[in-house]
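# Coordinate inspection notes
The lines below spell out each chain.
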Amino acid sequence: MLPHHAASMDASTTHAAAAPFATPANKPRLLLIPPNPSRCLARPRGGSVAVCCAHSPPPPPAPLPRAAASGNDEDEEEFAPPGLRLRRLAEEFRALPDAARVRRLLAYGAALPRLPEADRVAANRVMGCVAQVWLVGGVDGAGRMRFAADSDSEISRGYCACLVSALDGARPEEVLDADPAHLAPLGVAARSRASTWHNVLVGMQKRARAAIAEREGRAPGQPFPSLVIGRDGAVRAQGSYAEAQAMFLSPDNSKIVELVNALVEKKIGIVAHFYMDPEVQGILTAAKRQWPHIHISDSLVMADSAVQMAEAGCEYIAVLGVDFMSENVRAILDQAGFNKVGVYRMSSEQIGCSLADAASSSAYTHFLKTASRSPPSLHVIYINTSLETKAHTHELVPTITCTSSNVVATILQAFAQIPDLNVWYGPDSYMGANIADLFQRMAIMSDEEIAEIHPDHNRKTISSLLPRLHYYQNGNCIVHDMFGHEVVEKIKAEYCDAFLTAHFEVPGEMFSLSMEAKTRGMGVVGSTQNILDFIKNHLKQALDRNVDNHLQFVLGTESGMITSIVAAVRELFDAYESRQEGSNIEVEIVFPVSSDAVSKTSVNGSHRFGSSVADELDKLTIVPGVNSGEGCSIHGGCASCPYMKLQILRLQLPESAVAANCSWKIGVV
């Protein structure tokens, strides 16, 4: 679909001339900015900035190079291709000092036509920009992209003007070929403001992909399921998987009262992981308002929270998570002197983890034996492993435990402290590869940028450590493994202009996509807590600006995070409600769902049922209970951890188990 006013857009209307420059005195004055700044983009390569007398008639402007409107060879020769226009634009800004670049941007912004009010709406907002930026685009009758943009910031308007002048009229494929690296010289303002041009370019490329798909007759795919949280705290589910998550955000009050009474009576604190079942998390989140000794967090904080609960008088700690989390809580409580505080798992079954299993394999032992033959070596082991495994590995190689929150700082600190150190990381292969990728990116950063990550490193030290970083290559989290090629391609096509979040455990493609988004202020890679903080910070910025906005976040981790996200978003909305007249701000959380998360029935149709029942079952495409082509597979799809979902919330602690006071207790369920 064409922009609201694009049907009449052409070379003359898209680039209107700037208003005449005023001269306060009668004395002739030289202007470094041309009287018609929009024509400056047409300057031949290597040309100089036009200088003219303000009292003299301006020289006829050079024609603005534009994409050809037809396939005529003469037209093709007359107009410069978009790639050439972008390179000329980059050369123009590269030749100017910073102050002159800003003036040039302002001049281009002044020449950009204003969008009609009908197009200055939330649906056309470009996310990730400090200022309000709007972009409209579509295909004209000749199959070329037509763009128009606007902003309430003059510098941002300048960025928009540059991109519109270069890509308006281009073929969709030419828009996709635009390389952001060519436009780096445009970054003349603060980093947050300079990301505007990059985010606008991403928006243009998203529209170009849609145009190609429409031209090729490819129907738009079904959107990922999502939850939208409104300013009033109401939740709107889009897609059946999202509906299943939303069901538990408002739990039964009788269950809350029952739980709180049991916790108070027995002085029980609860620590739970972000990935817990949403039904359990919904009850816990509501119960926390009446009993403060409930904490939902990532694994790093769970044990510390248990210590705080013990200090506050809790006699028992119930751990809702996989076994290594319970072990970690027990160990940290003992270390803090609370060995008499009981620790309970909330399942009679053993609750493992694919990463913990990988670390206990013979292949991992071989990996460490190799490390032991390359001194000095340090084994950095991910917290998602058992205490037994941690103790065993320490016998082979000096071992330190890390989490996704501190793994980068831990490894960099070790390299800084010990000369010629070899670091062996495991068992998460994706995280190991992502750490190596991150360090390779750091090797081409400036020393100042590297110092922001770790003060004891620079380009030289980062380059020198790369050959001495080793990681295990045969272990992964079955949840984050779901964020593979198929999901990444859909995100690129349909969600490239959204905020992207990714856990450090995701495969490399998702990591790279989120790292690219991070460079323009649109992404985060890290722990679950890092992801939650990222969402909260961007919502705070939107609330501070207090203008209508729709913030869309792709959740690149386990879907159980949604309960804590909704609670945090509602809390922020409530906090700002008394300060200001509320604007219409929404937060949308998108759940990427791989096709692997669709569990299909047997093709033979028997299932040991009668023929009529079998026929009905064979029509199902997913696990019964969820419809519309989404659902959790038996292999833990939908970024949902099957291990975490083994927990149930029943606090029936038998007196005999309490009296035993052993260091490891299993609650009866």
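All figures in this text were calculated on a predicted structure; none of them were measured in a lab.

Rules used in this analysis
- Residues numbered from 1 in each chain as written.
- Predicted model: local features only at pLDDT ≥ 70, side-chain atom pairs only at ≥ 80, totals over all residues.
- Heavy atoms only, no water.
- Patch = residues over 30% accessible without salt bridge, like charges linked within 9 Å, V, L, I, M, F, W, Y side chains within 5 Å.
- Areas by Shrake-Rupley, 256 points an atom, 1.4 Å probe, with all protein chains shown as cover.
- Salt bridge = Lys/Arg side-chain N within 4 Å of Asp/Glu carboxyl O.
- Lys, Arg positive; Asp, Glu negative; His and termini not counted.
- Charge placed at Lys NZ, Arg CZ, Asp CG, Glu CD.
- Helix = DSSP H or I, 4+ residues; strand = E, 2+ residues; numbered from the N terminus.
- Buried < 20%, exposed > 50% of the residue type's maximum accessible area, 1.4 Å probe, protein only.
- Arc of directions from axis to C-beta.
- Pairing = 2+ DSSP bridges.
- Axes fitted to C-alpha atoms, helices over the stretch in contact; angles between N-to-C directions.
- Contact = heavy atoms within 4.5 Å.
- Phe/Tyr/Trp six-rings, centres within 6.5 Å; stacked < 30°, edge-to-face > 60°.
- Lys NZ or Arg CZ within 6 Å of the ring centre and 35° of its normal.
- Left-handed = near helix turned anticlockwise from the far one by under 90°.
- Nonpolar A, V, L, I, M, F, W, Y, C, P; charged D, E, K, R; others polar.
- pLDDT = per-residue confidence, 0-100.
- Expected span 1.5 Å × (residues − 1).
- Polar contact = N/O pair within 3.5 Å; in protein donor to acceptor, adjacent residues only side chain to side chain.
- Core = buried A, V, L, I, M, F, W, Y, C linked by side-chain atoms within 4.5 Å.
- Domains from an automatic or database assignment.

## A short note on a negative patch on the surface
Taken together, the side chains of D447, E448, E449 and E452 define an acidic patch exposed on the protein surface. Examined against the element boundaries, E449 turns out to sit in helix α18 (residues 447-453).

## Describing helix α20 (residues 485-494)
Turning to α20, its buried residues number three or more, namely V487, V488 and I491. Down the axis of α20, the buried side of the element spans an arc of 100 degrees, and every buried residue falls inside it.

## Some words on the sheet that holds strand β6 (residues 235-238)
Strands sit in the order β6-β5-β18-β17-β15-β16 across an open sheet of six strands; the sheet is mixed. Looking at the sheet topology across the chains shown, the edges are occupied by β6 and β16 (523-526). Going from strand to strand, the sheet's axes swing by 15 degrees on average, the running direction of each strand aside. Here four bridges tie strand β15 (residues 499-503) to strand β17 (residues 549-556), and the two strands are oriented parallel to one another. Of the residues in β17, the one forming a bridge with A502 is G556. Contacts from helix α22 (residues 528-545) reach β15, β16, β17 and β18 (585-590), with the element oriented near 175 degrees to β17.

## Observations concerning the packing of aromatic side chains
Within the structure shown, the criterion is met by eleven aromatic pairs. Ring centres of F534 and F553 lie 6.2 Å apart, and the angle between their planes is 85 degrees; on these two criteria the pair is classed as edge-to-face. One end of the pair, F534, is in helix α22; the other, F553, is in strand β17, with 19 residues separating them in the sequence. F553 matches F534 in its accessibility class, with the two residues each being buried. In this structure an aromatic cluster arises from ring pairing among Y364, F367, W424 and Y472. Above the plane of the ring of F224 lies K490, whose end atom (NZ or CZ) is 4.8 Å from the centre.

## Points about the environment of L112
Residue placement: L112 occurs in the loop between α4 (98-111) and β3 (133-139). By relative accessible area, L112 is classed as buried at 6%. The contacts of L112, once residues within four sequence positions are left out, are A149, D150, R157, C160 and A161.

## Quick look at the packing of helix α16 (residues 407-417) against helix α17 (residues 429-442)
Across the interface, α16 lies against α17 with an axial gap of 11 Å and an inter-helix angle of 65 degrees. Handedness of the α16/α17 crossing: right-handed. For the pair α16 and α17, the contacting residues are V407, V408, I411 and L412 in the first and M431, I435, L438, F439 and M442 in the second. Here the residues of the contact of α16 with α17 are counted per class, giving nine nonpolar, no polar and no charged.

## Some details on the confidence of the model for the chain
Summary statistics for the chain give a mean pLDDT of 77 and a share of 74% for residues scoring 70 or more. Below pLDDT 50 for its whole length, residues 1-78 participates in 145 contacts with residues either more than four positions away or in separate chains. Long-range and interchain partners of residues 651-669, a stretch whose pLDDT sits below 50, account for 42 contacts in this model, where long-range means more than four residues apart.

## Focus: the environment of E449
Here E449 falls in the partly exposed class, since its relative accessible area comes to 32%. C-alpha of E449 to C-alpha of R459: the two residues are ten residues apart in sequence and 9.6 Å apart in space.

## Focus on the sheet that holds strand β13 (residues 422-426)
Taken in spatial order, the four strands make up an open sheet running β12-β11-β13-β14, and their pairing is parallel. Each edge of the open sheet is held by one strand with a lone partner, namely β12 (399-402) and β14 (469-471). Averaged over all adjacent pairs, the angle separating strand axes in this sheet is 25 degrees, with direction ignored. As paired strands, strand β11 (residues 377-382) and β13 are joined by five bridges and run parallel to one another. Following the sheet pairing, L378 is matched in β13 by V423.

## Things to note about helix α5 (residues 154-167)
In this model α5 runs 20 Å from its N-terminal to its C-terminal C-alpha over 14 residues, within 8% of the 20 Å that 1.5 Å per residue would give. Counting buried residues along α5, twelve of its 14 residues qualify, which places the element largely inside the surrounding structure. For α5, every residue scored as buried is listed here: S156, R157, G158, Y159, C160, A161, C162, L163, V164, S165, A166 and L167. One side-chain oxygen of the residue at the start of α5 lies 3.4 Å from the amide nitrogen of I155, identifying that residue as S153. Where α5 terminates, the next one or two residues include G169, which has phi positive at roughly 95 degrees.

## Quick word on the pairing of β17
Judged by how many residues are buried, β17 sits mostly within the fold: seven of eight residues are covered. As judged from the six bridges shared by β17 and β18, these two strands associate in the parallel manner. The partner of V554 across the bridge, within β18, is V590.

## Here's the deal with the nonpolar core
Where a protein is soluble and globular, its nonpolar side chains tend to be buried together. Counting 120 residues, the largest nonpolar core has I317 and F439 as the members making the most contacts within it. Take this core: its biggest share by element is eight residues, from helix α23 (residues 562-577). When residues are assigned to domains, this core turns out to be shared by domain 2 (252-345) and domain 3 (362-471), each giving three or more. Aside from chain neighbours lying at most four places away, what touches F439 is V408, I411, L412, I462, L465, L466 and L469. Counting residues in each nonpolar core, the second largest holds 31 residues, with V126, C160, L183 and L201 among its members.

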